[in-house]
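Architecture at a glance
For reference, the chains in residue letters:
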Amino acid sequence: MNSLALFDTSPKALVKFVPPPFGGLVRTALDHVRHGRFQRSLSLMVAATSAVSALEVGYEHYRGSYSNPVMYTPVVLSGALAVASFAAVFSRRAAQTWMRWLSWITLLDGVVGFGFHIRGIRRKPGGWRMPVTNLVMGPPLFAPLLFGTSAYLGVLASYLQREEDSETGSYVLDALAVGRELTGRDDWRNDIRVGRFQKHFCIVVAAYTVCVGAESWYSHYKNNFAYRVQWSPILLTPLLSGAALGSLKSERVANTLLPAASALAMVDGVVGTYFHVRGILRKPGGRTKPLYNTLYGPPIFAPMLFAAAGMLGMMAYLVRRERSR
């Protein structure tokens, strides 16, 4: 029995190995995540990622000269969502109103943007009859869907409980969830409130990772994979997406392969950011033309999208699985 316990890699088992000075803090944080009581923390994360998204989409559309007025919408919505999410850190009402509805609208904007990017590729010479050339040279196909990630997290955060909600309150919500399940009125929102959305989250991780992997492939294809490290996100994509899909069927995969692949993706994102910054500094003018080289050099925030895939995978590892219905 003890030997089996050594191979238990679930979050609850691993937290026992945290050194005493940090053990209490880590156990509290894990308890919050596993019972859906991290609305403030996730709202802060949404505010930060929305601000970064606004910068990223702002200068990407600047390259396209804002030729269509609809190109302003993701910039405006990301900024508004960043403000609403920051307000949600301090206000439960803001979390359940402004952050929730702006997140849904921003998600819808991402889907509309995906349609515009498909149209942009179709309108290039050769259209979809030259898919590889036009995917590489046209607007980034999956970028609008990836842009919606912070909005998706905003939707999740709006349904969570807050950190200060009492332990007793959490159990009341758990009991409420069971009662609603018995009466047939349980739904996905109730699962989110009590931190039971691992399978649903794994589907999102798998889809998100495939989109980021595709973006990495055709971005790195443009310079013919000049550095071997540019293959790393391509190779890690099937590993992380496969781990996420495998976690739907197997809790063991969710507790072993999923966190390992997620950690590798997070490290790869940090390493990729270093290389992108180095690429910007090595362009003609280097530090003397920071704005120009950031606009026209390697996209500085792109590798962090892969780190975000790893972060989402790690969150999926930490939350609980849905109840059997």
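Relevant structure appears above.
Predicted, not measured: the structure shown is a model, and the values here were computed from it. (Residues numbered from 1 in each chain as written. Predicted model: local features only at pLDDT ≥ 70, side-chain atom pairs only at ≥ 80, totals over all residues. Heavy atoms only, no water.)

Some words on the overall build of the chain
Helix and strand counts for the chain stand at 17 helices and zero strands. Over its C-alpha trace the chain gives a radius of gyration of 21 Å, about what one expects of a compact globule, namely 20 Å for 325 residues. Taken along its principal axes, the extent of the C-alpha atoms in the chain is 60 × 45 × 40 Å. Buried residues in the chain amount to 45% of all 325 residues. Here the analysis covers contacts within the chain between residues at least 6 apart in sequence; of these, 74% occur between residues at least 24 apart. When the 35 positive and 18 negative side-chain charges of the chain are each reduced to one mean point, those points stand 8 Å apart. (Helix = DSSP H or I, 4+ residues; strand = E, 2+ residues; numbered from the N terminus. Rg over C-alpha atoms; globule rule 2.2 N^0.38 Å. Buried < 20%, exposed > 50% of the residue type's maximum accessible area, 1.4 Å probe, protein only. Contact = heavy atoms within 4.5 Å. Lys, Arg positive; Asp, Glu negative; His and termini not counted. Charge placed at Lys NZ, Arg CZ, Asp CG, Glu CD.)

Quick notes on helix H3 (residues 20-34)
Its 15 residues place the ends of H3 21 Å apart at the C-alpha level, agreeing with the 21 Å of an ideal helix rising 1.5 Å per residue. Those residues of H3 lying buried are Gly23, Leu30, His32, Val33 and Arg34. (Expected span 1.5 Å × (residues − 1).)

So, the packing of aromatic side chains
Tallied over the full model, the rule gives eight aromatic pairs. In this structure an aromatic cluster arises from ring pairing among Tyr152, Phe197 and Phe201. In this arrangement the basic side chain of Arg100 is found over the ring face of Tyr159, its NZ or CZ atom lying 3.9 Å from the centre. Over the ring of Tyr227 we find Arg278, and its NZ or CZ is 5.8 Å from the ring centre. (Phe/Tyr/Trp six-rings, centres within 6.5 Å; stacked < 30°, edge-to-face > 60°. Lys NZ or Arg CZ within 6 Å of the ring centre and 35° of its normal.)

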